[in-house]
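One letter stands for each residue in the lines below.
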Amino acid sequence: MINEKRLLDNFLKLVQIDSESFNEAKIHKVLVEELKKLGCIVYVDKSGKKFNTNAAGNIIATLKGKGKGKPFILSAHMDTVCPGVGVKPCVKKDRVTSDGTTILGADDKAGIAIILETLRVLKELKGNHPSVQVIFTLCEEVCITGAKYLDYSKIKGTDGLILDNESSEELIIRGPGKYNFNVAIHGVTAHAGVCPEKGISALDVLSKAMRLMKHGRVDKETVCNFGVISGGRITNAVLSELTLKGEVRSLNAKKLEKQIKHMKDCFAKAEKAFVKKVDGKTIQPKIEIETELSYGAQNISKTSTSVKLTIAAARKHGVNLKAIVCGGGCDANVMAQHGLALPNLGIGVEKCHSLDEYLSLPDFYRAARIVVDTVLSYRG
Ligand SMILES: [Zn+2]
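Per chain, the residues get numbers from 1 upward, laid out in the order the sequence is written. In view of the model being predicted, local features appear only for residues whose pLDDT reaches at least 70, and side-chain atom pairs are presented and counted only at 80 or more, with totals across whole chains, interfaces and linings using the full set of residues. Hydrogens and water molecules were not included; the side-chain quantities draw on all heavy atoms of the structure.

Centre distance within 6.5 Å is the pairing criterion for rings of Phe, Tyr and Trp, where only the six-membered ring of Trp is used; planes under 30 degrees apart are then read as stacked, over 60 as edge-to-face, and the remainder as tilted. Tallied over the full model, the rule gives six aromatic pairs. Residues Phe-226 and Phe-267 carry aromatic rings whose centres are separated by 6.5 Å and whose planes lie at 70° to one another, so their mutual orientation is edge-to-face. Of this pair, Phe-226 sits in strand β11 (residues 222–230) while Phe-267 sits in helix α6 (residues 253–273), and the two are 41 residues apart along the sequence. With a centroid separation of 5.9 Å and an interplanar angle of 35°, the aromatic rings of Phe-364 and Tyr-365 are classed as tilted. Taking NZ or CZ as reference, Arg-95 lies 3.8 Å from the ring centre of Tyr-358, over its face. In this analysis the charged atom, NZ for Lys or CZ for Arg, is taken to sit over a ring once it is within 6 Å of the ring centre and within 35 degrees of the ring normal. Directly above the ring of Tyr-43 sits Lys-154, whose terminal nitrogen or CZ lies 4.8 Å from the centroid. A run of H or I in DSSP counts as a helix once it spans at least four residues, and a run of E counts as a strand once it spans at least two, with each numbered from the N terminus.

Right under this line is the structure:
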């Protein structure tokens, strides 16, 4: 029932509208108009100003269907990573690429195009379909910001799909929650040549903490990484300041909190280990730790409505869809904290966030068919 040419043409149009994160105003306008033309009731939340993007807010659009059941949710994000200005798509046999100087932006314009095509197919059914609620978010690529500010009071459904994954044979049902952290270690400086014993090296304190701490692969569900470290200006002074940035991810909310507590305990022990007296005065290092929950975990049951319906629809199109765990986060993680069970379906995008990004057309068309059939099989 989908129209491949119409779907592809629309995709090519969308990728040529610049929409790097924080600059989504143009695509925002096009999508609002398009959704209205398709007969949707369109609501734009007022979130844009809260995180300084030039678009007004996330888009929530409802296409009424028959019956009083809950709407089925379809969601994709409007922004792209850089370099995403002036995309020139090239159609080559069974795939679409950029001209090599930019990303393609199929992440996530392919998802948007499939959602618009689904609405077109539904419109042709003249109301003989379930209600659908579309969510187009802003700034997903920057810490999933748009979804964090989405006006959830307007969301009437709980089941649905996010279209923001690569392989069209995969459905992400679990993803980790994530903490970001910053650590500042304040040691005590002293002349490195004359009296190093009067100082406390921030590096020694860090080494002690790291020896006590589980990091890297913490357990099957949890990882912890120190990715950025900086400090020191001169070689002839005991290193007094070090700053570190890192992240903890876990599929399990309790383990996520446990790891943060464990790290704080290790740093506290390291602080105590270096207390000493110098010239009659007690000196000690000081460690400051800031943590921020970036997003919670996504954990959708294999027997949830959306997963079952999507797998069944995929089977009709010859795909044995695999329900998988993903190491990254997306809108689904944030939406899960608001009670939405939205597995993330692959839409045929490959090598996203690179100049080699491309869209596999057979996979893209098939994903669109799977989405249409999933929606039509939903009973609210
Ligand atoms: Zn994406």
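It is worth spelling out the coordination of the zinc ion at this point. His-77 (NE2), Asp-107 (OD) and Asp-164 (OD) make up the full set of protein donors to the zinc ion, lying at 2.0 to 2.2 Å. For every residue, the accessible area (1.4 Å probe, protein chains only) is compared with the maximum for its type, and the residue is labelled buried under 20%, exposed over 50%, or partly exposed between those bounds. Classification of Asp-107 as buried rests on a relative accessible area of 10%. Excluding water, the donors of a metal are its N, O and S neighbours within 2.8 Å, or within 3.2 Å for Na, K and Ca, and that exclusion means sites may look incomplete.

In this section: the environment of Gly-127. Inspection of the secondary structure assignment puts Gly-127 in the loop between α3 (106–124) and β6 (132–137). By relative accessible area, which is 31% here, Gly-127 ends up partly exposed. Considered as a pair, Gly-127 and Thr-137 are 10 residues apart in the sequence and their alpha carbons are 26 Å apart. The criterion used for residue contact is that any of the two residues' heavy atoms lie within 4.5 Å. When sequence neighbours within four positions are dropped, the list of residues in contact with Gly-127 reads Gly-65, Lys-66 and Leu-122.

A few words now on the pairing of strand β10 (residues 216–219). Pairing between two strands requires that DSSP report at least two bridges joining them. In this structure, β10 lies alongside β11, joined through three bridges in antiparallel fashion. Each bridged residue has a counterpart across the sheet, and for Arg-217 the counterpart in β11 is Val-223. The turn joining β10 and β11, which pair antiparallel and follow one another in sequence, is formed by two residues.

All right, on to the sheet that holds strand β19 (residues 349–350) then. An order of β4-β5-β20-β19 is seen for the four strands of this open sheet, with the pairing classed as antiparallel. The open sheet has two edge strands, β4 (90–92) and β19, and neither has a second partner.

Quick look at the domain arrangement of the protein now. By a frequent convention, interface size equals the accessible area lost on bringing the separate parts together. Per the domain assignment, the segments of the protein are domain 1 (4–175 + 297–376) and domain 2 (177–295). Boundaries of every domain are those given by an automatic assignment or by a domain database. Relative placement of domain 1 and domain 2: their C-alpha centres are 40 Å apart. Each partner contributes residues to the interface: domain 1 has 12 residues there, and domain 2 has seven residues. Summing the contributions of domain 1 and of domain 2, the shared interface buries around 740 Å²; its carbon and sulfur component is 55%. Note on terms: buried area is the combined drop in 1.4 Å-probe accessible area of two parts once they are placed together, counting the loss on both.

What follows is about the pairing of strand β7 (residues 160–165). Within β7, six of the six residues are buried, leaving the element largely enclosed by the surrounding structure. Pairing between strand β3 (residues 72–77) and β7: three bridges, direction parallel. Note that in β7 the partner of Ile-73 across the bridge is Gly-160. Across three bridges, the pairing between β7 and strand β18 (residues 344–346) is parallel. From the neighbouring strand, Leu-163 faces β18, where its bridge partner is Leu-345.

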